[in-house]
Amino acid sequence: MELPAKLACLGYSFISSKMKEMAKGLGFFVVISALILGACTLFDFPQDVKRFNESTDGSLSNASNVDAPGTNDFHFAVFGDSHHGLDDTTELINRTGLSLINADSDIDFMVGLGDLTNSGRNHQYAGLKATIDELTSIPFYPVLGNHDVWFNGWDNFKQTFGRSVYTFTADHVTFIVVDSASSTMNKGQFEWLRDRLIENRDNVTIVATHVPVYTGLSGHYLLWDDPEQSYNFMQLCNQYNVDLVLQGHYHEFDDLTIGNVRFIVTGNWNTDIDGDTYHYLKIGVNGSGITVTKVDFSI
Ligand SMILES: [Fe+2]
């Protein structure tokens, strides 16, 4: 029932122009258009729903909480699209960045904002895991990206890292990791997110998503597919006092506050786009204060 609805979405512009010619009266066209547009917002990708269900039905391991200092004052690192397995240069960038993060004794854990692998292959996940284990001794929290689900990549991700939708805490901060690998958010995950935000509305809350919901950058084709979903996500974050949204996918840095919520994009770990430098973020949380430092590096 849902696939025809998606096809209707994709072909809407073409179909609507033909329908204008065919429809005898304006009323007919308005009614049909409303039905098709309504179907667009009802569609959930089956693979997106499958990943959400498997991440929340208890069949996969839960990410453990971070043993942060207990002072409500700690740091963590965030890196963007690592694309492990792409080429030798990417390997060198990954190794350099991970080594720098590990050498900073202030950093208690790290978050990888998706596209961890270049094409979701099992050997790429194994290689990334081996590199992380070799070069770091701090907890790693993964986010699922669109490249990570190529070639049966979800099965490889969940065998390597577990859930793609989960929460964890570090001291007084709740982290909520969502699955936007399909550039969308199914209704079940949206309701799950809302429940987590309600539970944590009085805590410091940080949400991590691979595909950005919004940026000040120009490439809007790199955002979630449905602007209405993005709007609803941003409304939820504002309503329930989310402090920070971390976003990847874009391979550039951006820092934008909308309403009460700070939206940061990072990701120029893998490739050098628009002259930006390879970087990761060092984020400090002290009470309710959050500081974000962009750490540039070269190889
Ligand atoms: Fe991506």
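About the cut-offs
Residues numbered from 1 in each chain as written. Predicted model: local features only at pLDDT ≥ 70, side-chain atom pairs only at ≥ 80, totals over all residues. Buried ≥ 20, exposed ≤ 12 C-beta atoms within 10 Å, placed from the backbone. Helix = DSSP H or I, 4+ residues; strand = E, 2+ residues; numbered from the N terminus. Pairing = 2+ DSSP bridges. Right-handed = clockwise from strand over helix to strand, strands pointing away. Axes fitted to C-alpha atoms, helices over the stretch in contact; angles between N-to-C directions. Left-handed = near helix turned anticlockwise from the far one by under 90°. Contact = placed C-beta atoms within 7 Å. Nonpolar A, V, L, I, M, F, W, Y, C, P; charged D, E, K, R; others polar. pLDDT = per-residue confidence, 0-100. Parallel < 35°, antiparallel > 145°, perpendicular 65-115°, else oblique. Arc of directions from axis to C-beta. Core = buried A, V, L, I, M, F, W, Y, C linked by C-beta atoms within 7 Å. Expected span 1.5 Å × (residues − 1).

Attention shifts here to the pairing of strand 6 (residues 204-209). Among the 6 residues that make up strand 6, 6 are buried, leaving the element largely enclosed by the rest of the structure. When strand 5 (residues 173-177) meets strand 6, the two strands line up parallel, connected through 5 bridges. When the bridges of strand 6 are listed, F175 appears paired with I206. What joins strand 5 to strand 6 is helix 8 (residues 187-199), and the crossover it makes is right-handed. The pairing of strand 6 with strand 7 (residues 244-247) spans 4 bridges and is parallel. Residue pairing across strands places T209 opposite Q247, the latter belonging to strand 7.

Attention shifts here to the packing of helix 5 (residues 88-103) against helix 6 (residues 122-135). Contact geometry for helix 5 and helix 6: axes closest at 9 Å, N-to-C directions at 35 degrees. Note on packing geometry: the crossing formed by helix 5 with helix 6 is right-handed. On the side of helix 5, the interface is formed by N94, R95, L98, S99 and N102, while helix 6 contributes T131, I132 and L135. Split by residue class, the contact of helix 5 with helix 6 holds 3 nonpolar, 4 polar and 1 charged.

Let us look at the pairing of strand 9 (residues 261-265). Burial runs high along strand 9: 4 of the 5 residues are buried. Summarising the sheet, strand 8 (residues 254-258) and strand 9 pair through 5 bridges and their orientation is antiparallel. Within the sheet, the bridge partner assigned to I258 lies in strand 9 and is V261. Between strand 8 and strand 9, which pair antiparallel in sequence order, lie 2 residues; one of them, G259, sits at a positive phi of approximately 65 degrees.

Our next topic: the confidence of the model for the protein chain. Low-pLDDT portions of the prediction should not be read for the details of their coordinates. Residue-level pLDDT values for the protein chain average 86, and 82% of them are 70 or greater. In this model residues 1-41 is a low-confidence stretch, pLDDT under 50, and it forms 20 contacts with partners more than four residues away in sequence or in other chains.

What follows is about the sheet that holds strand 11 (residues 289-297). Taken in spatial order, the 5 strands line up as 3-2-1-10-11 in an open sheet, and their pairing is mixed. With partners counted over all chains shown, the strands left at the sheet margins are strand 3 (140-142) and strand 11, one partner each. Each strand of the sheet is rotated relative to its neighbour by a mean of 25 degrees, with strand direction disregarded.

Another aspect to go through is the packing of helix 6 against helix 7 (residues 153-160). Their axes nearest at 9 Å, the elements helix 6 and helix 7 cross at an angle of 30 degrees. It follows that helix 6 is roughly parallel to helix 7 by the angle criterion. Of the two possible hands of crossing, helix 6 and helix 7 adopt the one that is right-handed. Where helix 6 approaches helix 7, its residues N122, Y125 and K129 are matched on the opposing element by N156, F157 and T160. The class makeup of the residues in the contact of helix 6 with helix 7 is 2 nonpolar, 3 polar and 1 charged.

What follows covers the environment of Y250. Residue position: Y250 is located in the loop between strand 7 and strand 8. Spatially, the C-alpha atom of Y250 lies 6.8 Å from that of L222, the residues being 28 residues apart in sequence. If we ignore the near neighbours within four places in the chain, the residues touching Y250 are P212, T215, L217, L222, V265 and G267.

On to helix 7. Those residues of helix 7 not exposed but buried are G153, W154, N156 and F157. Projected onto a plane normal to the axis of helix 7, the buried residues spread over an arc of 160 degrees and lie on a single side. Looking at the buried residues of helix 7, the elements they touch are helix 4 (46-56) and helix 6. Positive phi shows up at G162, right after helix 7, with a value of about 100 degrees.

Before going further, it helps to spend a moment on the nonpolar core. Within the largest apolar cluster, 64 residues are counted, with the highest numbers of intra-cluster contacts made by F76, A77, V78, V111, V177, A208 and L246. Per-element accounting of this core gives the leading share, 5 residues, to strand 1 (residues 73-79). Leaving out residues up to four positions away in the same chain, L246 has contacts with V78, V111, L113, I206, A208 and I264.

Before going further, it helps to examine helix 5. Its 16 residues give helix 5 an end-to-end C-alpha distance of 22 Å, which sits within 8% of 22 Å, the value for a rise of 1.5 Å per residue. Regarding helix 5, the residues found buried are I93, N94, G97, L98 and I101. All buried residues of helix 5 project into a common sector of 120 degrees when viewed along the axis, lining one side. Away from its buried face, by an angle of more than 90 degrees, helix 5 presents the exposed residues D88, T89, L92 and A103. Contact partners of the buried residues in helix 5: strand 1, strand 2 (107-112), helix 6, strand 10 (278-286) and strand 11.

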